[in-house]
Amino acid sequence: MTVESAPPGTGSRPSSELREPPLAGGGVPVLRHAWRMVRDPLAFMSGLRDHGEVVRLRLGPKTLYAVTSPELTGALALSTDFEIAGPLWESLEELLGKEGVATANGPRHRRQRRTMQPAFRLDAIPGYASVMEEEAHALTGRWQAGEIIDCTTEAFRIAVRVAARCLLRGAYMDERAERLSAALDTLFRGMYRRMVIPLGPLYRLPLPANRRFNGALADFHLIVDEIVAERRASGQKPNDLLTALLEATDGNGDPIGEQEIHDQVVAILTAGAETVGSTIMWLLHVLAEHPEHADKVRAEVESVTAGRPVAFEDVRALRHTNNVVIEAMRLRPAIWILTRRAVADTELGGYRIPAGSDIVYSPYAVQRDPRSYTDHLRFDPDRWLPERAKEVPKYAMTPFGVGNRKCPSDHFSMALLTLVTAALATSYHFEQTPGSKDGTRVGITLHPHDLRLRTTPRSRQG
Ligand code: HEM
């Protein structure tokens, strides 16, 4: 589904031939394009493709560049002229720190990826089968017939529990999952605001919103410290990612510092919970709004399982269910915006990019581009059938990213999401209730504002 290697398209033209990217329209005085990035960021980012493959934006006094075509987003992600940095990562620094895998660059990043990789290798995923199955069935088993479920809480709970139980092996997570979910929701919302309106010291004023944000931040870091302290106090060293992090050494063979351990656990919990939680909310939305697809998923699952509860080993055979997940991620990618910084004077598509420039691009906009997808806004899982999928341009579908920063958890996440979708579709019909708000809430990730669904057990309706 995602693509790894293509020659970077940068840095090859003489600088005299390079052009200045055009300035995007729609700015207002002072805030310039930041206004649009707050008011209707998805439409704004999607509209940029009409101005060119690379366009200039102004967030207040700051200039940045937006890359809009699949080919150039691939080139950007694969080129060594760009590293992880820019407004997104700076706004996240208070949360992620500077020493974790999501924000590190260079040798430290390579070493951290090596430490993490074994936990996410394809052959490690079956080791998580029993937890994924238990959690998928616990999710649907908890609900009563006719109950109205709060999808935000339900989706975050399972996302946090699975990440914590599989990768940090903690029963202690049960009581902390709610706290973590609440803290992350406040933090991701506040961080998006800090990214597009970088007002620095104003965010330190003792206003209610800032106090809520700071409280959530403090609680989140406290939970992470508790997780590390409890594992150490237990004296146990199970074969999991937390043990790998605690035993990791630096380039000289010395143990890594406490800050790096802390930042690494933060990276796993934030990256793992928010993305999976948001995607499960959109999958619930799909099942409610497209009953024909819910029925098709159910029929596929029943043809594979012959009526027994769906299991991890069925995932491979659930092709259509898998395509439903991919299509949901195309239209509502959890990570809808990414940023990079140029580390050298360079170019993208014949446009000059000076060293130090911030670059932004949106998987959401790229994955909804009518030039890449016919009927681009239609929910059509069959576009991922092999004969049709090959028509999709390279880099036009990269919900897990591309290159050396690609999500290490793509196999883990796809297995979990397919299993959860199968369990949901075979257990219930879902319908939105009055008061449910399914509009898109834009933060660092995308999820519905407040999705509320009524559950009707499948066995009753057939
Ligand atoms: C990085 C998406 C689940 C851990 C990324 C990136 C994307 C992404 C797009 C690349 C960022 C970039 O290029 O700048 C997703 C989606 C998920 C998901 C859509 C599920 C629906 C997870 C889970 C975990 C995880 C479950 C861990 C438990 C990470 C980490 C990175 C990352 C550690 C940073 C990698 C690096 O910088 O080297 N993810 N992710 N992700 N993801 Fe995921």
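Residues numbered from 1 in each chain as written. Predicted model: local features only at pLDDT ≥ 70, side-chain atom pairs only at ≥ 80, totals over all residues. Heavy atoms only, no water.

> In this structure, what is going on with the layout of surface pockets? I would like to understand it.
The gaps left among the atoms become clear once a water-sized probe is rolled over them. Reported here for the second largest pocket is a volume of approximately 450 Å³. Taken together, 17 residues make up the lining of the second largest pocket; nearest its centre are R189, G190, Y192, R193 and V442. Put simply, the parts of the chain that give the lining of the second largest pocket at least two residues each are α8 (173–196), α9 (208–234) and β10 (437–442). With six residues, the single largest contributor to the lining of the second largest pocket is α8. Considered class by class, the residues forming the lining of the second largest pocket number seven nonpolar, five polar and five charged. (1 Å grid on protein atoms, 1.4 Å probe; cavity = no way out; pocket = protein on both sides within 12 Å on 5 of 7 lines; lining within 4 Å. Points joined across faces, edges and corners; volume = space filled by probe spheres on them. Helix = DSSP H or I, 4+ residues; strand = E, 2+ residues; numbered from the N terminus. Nonpolar A, V, L, I, M, F, W, Y, C, P; charged D, E, K, R; others polar.)

> Explanation requested: the pattern of salt bridges in the structure shown.
Side chains that differ in charge, positive against negative, can pair when their charged atoms come close. A complete count under the given rule lists 31 salt bridges for this structure. Notably, a salt bridge pairs R56 with E20, separated by 3.4 Å at the nearest N-O pair. Residue R56 is found in strand β1 (residues 54–59), and its partner E20 is found in the segment before α1 (34–39); the two are separated by 36 residues along the sequence. Using a relative accessible area of 16% as the deciding quantity, one classes R56 as buried. In this structure, E154 engages R157 in a salt bridge whose closest nitrogen and oxygen atoms are separated by 3.2 Å. With a gap of three residues between them, E154 and R157 both fall in helix α7 (residues 151–167), about one helical turn apart. Of the two residues examined, E154 and R157, each falls in the buried class. Overlapping salt bridges, with partners in common, bring together E99, R108, R111 and E260 in one network. (Salt bridge = Lys/Arg side-chain N within 4 Å of Asp/Glu carboxyl O. Buried < 20%, exposed > 50% of the residue type's maximum accessible area, 1.4 Å probe, protein only.)

> Would you take a moment to explain the coordination of the iron atom of the ligand for this structure?
Geometrically, a metal with four donors at the corners of a regular tetrahedron has ideal angles of 109.5 degrees, and one with six donors at the corners of a regular octahedron has ideal angles of 90 or 180 degrees. Of all protein atoms, C407 (SG) alone acts as a donor to the iron atom of the ligand, lying 2.3 Å away. Tracing the backbone through its elements, the reader meets C407 in the loop between α15 (386–389) and α16 (410–427). (Donors = N, O, S within 2.8 Å, 3.2 Å for Na, K, Ca; no water.)

> Sorry, what's going on with the sheet that holds strand β8 (residues 358–361) here?
Think of a sheet as strands paired side by side through backbone hydrogen bonds, with each pair either parallel or antiparallel. The strand order across the open sheet built from five strands is β1-β2-β8-β5-β3, with neighbouring strands paired in mixed fashion. Only two strands of the sheet have a single partner each, and these edge strands are β1 and β3 (82–84). Adjacent strand axes in the sheet meet at a mean angle of 40 degrees, parallel and antiparallel pairs treated alike. In the sheet, β3 pairs with strand β5 (residues 338–342) via three bridges, with the strands oriented antiparallel. Paired with F82 across the bridge in β5 is A342. Set on the sheet, helix α3 (residues 70–78) makes contact with β1, β2 (62–67), β3, β5 and β8; between it and β8 the angle comes to about 135 degrees. Docked against the sheet, helix α4 (residues 87–96) engages β2, β3, β5 and β8, running at close to 110 degrees with respect to β5. (Pairing = 2+ DSSP bridges. Axes fitted to C-alpha atoms, helices over the stretch in contact; angles between N-to-C directions. Contact = heavy atoms within 4.5 Å.)

> Would you mind going over the site of the ligand with me for this structure?
Taken together, 27 residues are adjacent to the ligand, and H109, R113, R340, R405 and C407 come closest. The separation between an oxygen atom of the ligand and a polar main-chain atom of V101 is 3.4 Å. With respect to the ligand, the side chain of R405 contributes an N or O atom lying 3.0 Å from an oxygen atom. For the ligand, the cavity whose grid points lie within 2 Å of the majority of its atoms is the largest cavity. At the level of secondary structure, the elements contributing two or more residues to the shell around the ligand comprise α5 (106–120), α11 (258–289), β5 and α16. Residue contributions to the shell around the ligand peak at six residues, all from α11. (Near = heavy atom within 4 Å. Polar contact = N/O pair within 3.5 Å; in protein donor to acceptor, adjacent residues only side chain to side chain. Sits in = over half its atoms within 2 Å of the grid points.)

> Please clarify how the pairing of β2 should be interpreted in this entry.
Remark: a regular strand shows side chains that alternate across the two faces of the sheet. Inspection of the sheet shows β1 paired to β2 by six bridges, in the antiparallel sense. Residue pairing across strands places R58 opposite T63, the latter belonging to β2. Between β1 and β2, which pair antiparallel one after the other, the connecting turn spans two residues, and G60 there sits at a positive phi close to 60 degrees.

> I'm lost on the packing of aromatic side chains in this one. Help?
Two aromatic rings are characterised by how far apart their centres lie and by the angle between their planes. For the structure shown, the criterion picks out six aromatic pairs. Considering the side-chain rings of W143 and Y428, the 5.6 Å spacing of their centres and the 50 degrees angle between planes classify their relative orientation as tilted. Remark: Y428 occurs in strand β9 (residues 428–432) and W143 occurs in the loop between α6 (129–141) and β4 (148–150); sequence separation between them is 285 residues. No difference in accessibility class separates W143 from Y428, as the two residues are buried. Measuring from centroid to centroid gives 6.1 Å for W143 and F430, while their planes differ by 85 degrees, and the two rings are edge-to-face. Note that W143 is positioned in the loop between α6 and β4 and F430 in strand β9, a separation of 287 residues in sequence. Residue classification places W143 among the buried residues on the basis of a relative accessible area of 5%. (Phe/Tyr/Trp six-rings, centres within 6.5 Å; stacked < 30°, edge-to-face > 60°.)

> Where do I start with the confidence of the model for the protein chain in this structure?
When pLDDT drops low, the exact placement of atoms in the prediction is not to be read closely. Residues at a pLDDT of 70 or more form 94% of the protein chain, whose mean pLDDT is 89. The low-confidence segment residues 1–10 (pLDDT under 50) makes 35 contacts with residues lying over four places distant or belonging to another chain. (pLDDT = per-residue confidence, 0-100.)

> Quick question: what am I supposed to make of the nonpolar core here?
The nonpolar side chains of a soluble globular protein tend to be buried, and buried together. Within the largest apolar cluster, 141 residues are counted, with the highest numbers of intra-cluster contacts made by L95, M132, L167, F220, F412 and F430. Element by element, the count of residues in this core is highest for α11, at 16 residues. Beyond its immediate sequence surroundings of up to four residues, L167 is in contact with A119, F120, Y128, V162, D240, L241, L242, I268 and F412. (Core = buried A, V, L, I, M, F, W, Y, C linked by side-chain atoms within 4.5 Å.)

> How should I be thinking about α9 in this particular structure?
Since there are 3.6 residues in each turn of an α-helix, residues three or four apart along the chain are aligned in direction. The terminal C-alpha atoms of α9 lie 39 Å apart, and with 27 residues this matches the ideal 39 Å at 1.5 Å per residue to within 8%. Along α9, the residues classified as buried are N210, F213, A216, L217, F220, H221, I223, V224, I227, V228 and R231. Count one or two residues on from α9 and you reach G235, which has phi positive near 70 degrees. (Expected span 1.5 Å × (residues − 1).)

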